[in-house]
Amino acid sequence: MQLPRLTRLLNNLRILQNPPNFRGIFAYSIHMEKEIIKTKLVIVGAGPAGITASIYAARAGLDPVVLEKGLVGGQVALSSIVENYPGYMSITGTELSEHLRAHAQALGVQIDEFDVIERAELSDSKKRIITESKIFEPTAVIIATGAVPKPLLVRNESRFRGKGVHYCALCDAPAYKGKTVGVVGGGSAAIEEALYLSNIAEKVVMIRRKSSFHAEKAILRRAENTPNIEILYNTDLTDVGGSGDFMEYAVVADTLTLKERKIPLSAVFAYIGSVPRTELLRGSLELDPSGYIAADEDMKTSVEGVFAAGDVRTKRYRQIVTAVSDGAVAALNAEKYILQSDQNTAG
Amino acid sequence: MIKVFSSDSCGYCTKLKAYLDSRRVKYDVIDVTESRENYDRLIGVSGQTGIPVTVFDSGEVVIGFDKPRIDSLLS
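Residues numbered from 1 in each chain as written. Chains lettered and ligands numbered in written order. Predicted model: local features only at pLDDT ≥ 70, side-chain atom pairs only at ≥ 80, totals over all residues.

## Section: the overall build of chain A
Logical step 1: Helix and strand counts for chain A come out as 7 helices and 21 strands.
Logical step 2: Counting over 347 residues, chain A shows a buried share of 40%.
Logical step 3: Of the contacts made within chain A by residues no fewer than 6 positions apart, 61% connect residues no fewer than 24 positions apart. (Helix = DSSP H or I, 4+ residues; strand = E, 2+ residues; numbered from the N terminus. Buried ≥ 20, exposed ≤ 12 C-beta atoms within 10 Å, placed from the backbone. Contact = placed C-beta atoms within 7 Å.)

## Overview of the packing of helix α5 (residues 188-198) of chain A against helix α6 (residues 217-224) of chain A
Residue and element names in this part refer to chain A.
Logical step 1: Running from amino to carboxyl end, α5 crosses α6 at an angle of 35 degrees, the nearest separation of the two axes being 10 Å. Crossing handedness for the pair α5 and α6: left-handed. Where α5 abuts α6, its residues Ser 188, Ile 191, Glu 192, Ala 194 and Leu 195 lie against Ile 219, Leu 220, Arg 222 and Ala 223.
Logical step 2: Residue composition of the contact of α5 with α6, by class: 6 nonpolar, 1 polar and 2 charged. (Axes fitted to C-alpha atoms, helices over the stretch in contact; angles between N-to-C directions. Left-handed = near helix turned anticlockwise from the far one by under 90°. Nonpolar A, V, L, I, M, F, W, Y, C, P; charged D, E, K, R; others polar.)

## Comments concerning the sheet that holds strand β3 (residues 53-55) of chain B
All names here are of chain B.
Logical step 1: If you trace the 4 strands from one edge of the open sheet to the other, you get β2-β1-β3-β4, paired in mixed fashion. One side of each edge strand has no neighbouring strand; the edge strands of this open sheet are β2 (27-31) and β4 (61-63). When the angles between neighbouring strand axes are averaged without regard to direction, this sheet yields 20 degrees.
Logical step 2: The sheet contact formed by strand β1 (residues 2-6) and β3 spans 3 bridges and is antiparallel. Each bridged residue has a counterpart across the sheet, and for Phe 5 the counterpart in β3 is Val 53.
Logical step 3: Where helix α1 (residues 11-22) meets the sheet, it contacts β1, β2 and β3, and its direction lies at approximately 155 degrees from that of β1.
Logical step 4: Set on the sheet, helix α2 (residues 36-46) makes contact with β1, β2, β3 and β4; between it and β3 the angle comes to about 70 degrees. (Pairing = 2+ DSSP bridges.)

As structure tokens, this is what we get:
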């Protein structure tokens, strides 16, 4: 190792001596100072919103850094097939995610997939994103961490995810044309999706744990009057199964008698809510009661210079195209903010 | 040698392998979609069917891309 580099490394090390513990044994630990990186823009999340924001930001010369602890592509990467994204009649989620990654990286976007954010300190005057190994001090931040569907919490859920267990009928329903599918949930979203599926599947079985829905009455009436929708009240989904790679049946239990039975279903679509990935932001940004970031149509949050894009934002429709749109708007407004901030600093 | 049970179509398997590569860790890949025997081996070591699964030389088994646990076992 070259001497200057070694000197720098030693300067960056602090040897901490812990108080003596057992029988006079001293424990030592080494704490490495984190590298501080001052940059124009940090984008948190590499789903469609985050990647689109990074593409726009890179083209604007902002040299964005993208941090992603999950998968590049976000929920897209977990989808078997995407058939509603313009330009692609049909593409696998894996392929689309790789296209997103390749597009961003071709423009020089740095995507860090392994450094995990420990906390975010966001205020009008200063932004700090602290990861395991670095401290980013950007002028602007775009939060595009997305949301994850609430899991069904049945034993074989992960095994059949994307192969019978789905969270987006609009995305994945066409694969079940002419088949019998289930919908789990008790709100308007579940019923809307059941109605949507009833136009594609041969039959839709709604699995409802309670004896009623907490949905709009008009939409419930429509579902009740749809010949190929069957509603199972007081019925709980307890498992899904199949002899091969794909789901073939659901196990349901009568919540009154607790008696279980198998019903043949090619898929179940879960609409029991979603969980925004905002756990790191509580206390920093205004969130709605469900935990989504309150941001307007300009993607501006309650903190100046912090923008929110995609599924993490309070919004009605969570689609890949709406996430992409959010990402573009967030990047364009972040660019304006950074320019203004630079001018203020220079002036 | 560390063993990684995975498949080509699994996003977190790809991420796990990329992470091990970034740490310059050598490992054997067992593609569970290649044969029933590989699937049975996965179930035998982890007691479940989800992937990725990493099996360390010490016998420790990590299900999923659990970076803190992998880091801890690698150190």
